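Spelled out from the first residue to the last, the chains are:
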Amino acid sequence: MKARAAATEAEVRRDLAAAYRLAALNGWDDTVYTHLSASVPGAPGHYLINRFGLGFDEVAASNLVVVDLQGRVVDGSGARVNPSGFAIHGAVHAARPEVECVIHLHAPWGVALSMRSEGLLPTSQWAMRLHCRLGRHPYEGLALGGDEQRRLTASLGALDGLILTNHGTLTVGRTVAEAFMLMHLLERAAQAQLR
C-alpha cells in the first residue's frame, strides 16, 4: 500500500472547512460554543480554527485562522477567535502531536450520551468501531486551567476520543476525514443506543 502524501495547508484548510459545513448540515453546531481544529502542515505548534462569531455554515477555507497552542492568532489577520474554545484543542494537540484534527462538539445525541453513566455500549455496528477506544472525562468547566487540561489529555491517552460527562464528545484523527468519521460514528451510535 502506498503511503499517503503529506497534506498541504491548502488541502487541510479545504478539508476542515468542509468538516465545519458538514457538521452544520448534521445539526452538530452549537452557535459559537464548539470547534473543529487542524494542524497546519509544516508549521509545528500552529493550528487552524474558525473565526469567532461565524456559524459553522459560514466557515470557508479562506476565513480559517491560524493560532498557536495558547489560541493566540499568529497569522497577522487580526481576526478574533474564542480562546476558551481552543483551550481543549490546544491541550490535545500538544499532547498528541500525531493528531491532525480535533473535533469537540455539543451535538444532541453526544450530549445526551454524556449524561448517561454507562457511556457508549457495544450494541450497534457503529458503536463497535469505538468499543474500548473512548475515554471518559468529568466536566470541570471551560478547561482553561493547566491542571484540568493535563487531566483531560490523560483521560484521552492514545484513544480515539472522549465522552465529556454532562458536556459533549471529542474525537481525534490523523486526518480531518478520520476525526470527522469517528464523530459521525459516535453520534450515530449514541442515537441508536438512546432510541
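Above this text sits the structure in question.
All of the points below concern the structure found in this document. None of these values were measured; they are calculated from a predicted model. (Residues numbered from 1 in each chain as written. Predicted model: local features only at pLDDT ≥ 70, side-chain atom pairs only at ≥ 80, totals over all residues. Heavy atoms only, no water.)

**Description of the sheet that holds strand β7 (residues 168-173)**
Spatial ordering of the open sheet is given by β3-β2-β1-β4-β7-β6-β5, a layout of 7 strands whose pairing is mixed. Every interior strand has two partners, whereas the edge strands, β3 (65-67) and β5 (134-137), have only one. Going across the sheet, the axis of each strand differs from the next one's by a mean of 20 degrees, ignoring polarity. Running over the sheet, helix α2 (residues 83-95) touches β1 (35-39), β2 (47-49), β3, β4 (101-105) and β7 and is turned about 35 degrees from β1. Set on the sheet, helix α5 (residues 146-156) makes contact with β5, β6 (161-164) and β7; between it and β5 the angle comes to about 155 degrees. (Pairing = 2+ DSSP bridges. Helix = DSSP H or I, 4+ residues; strand = E, 2+ residues; numbered from the N terminus. Axes fitted to C-alpha atoms, helices over the stretch in contact; angles between N-to-C directions. Contact = heavy atoms within 4.5 Å.)

**Quick look at the pattern of salt bridges**
Within the structure shown, the criterion is met by 9 salt bridges. Several salt bridges converge on common partners, so that one network encompasses R129, R133 and D160. (Salt bridge = Lys/Arg side-chain N within 4 Å of Asp/Glu carboxyl O.)

**Remarks on the side chain of E100**
Relative to the assigned elements, E100 resides in the loop between α2 and β4. Filtering out sequence-adjacent residues up to four positions away, E100 remains in contact with A7, V12, S37, A38, S39, H93, G173, R174, T175 and V176.

**Looking at the pairing of β4**
Taken across its 5 residues, β4 has 5 buried, putting it largely inside the fold. Here β4 shows no split at all, with C101, I103 and L105 on one side and V102 and H104 on the other all buried. Strand direction decides the pairing type here: β1 and β4, joined by 4 bridges, are antiparallel. If you follow L36 over to β4, its bridge partner there is I103. For β4 and β7, the ladder comprises 5 bridges, and the chain directions are antiparallel. (Buried < 20%, exposed > 50% of the residue type's maximum accessible area, 1.4 Å probe, protein only.)

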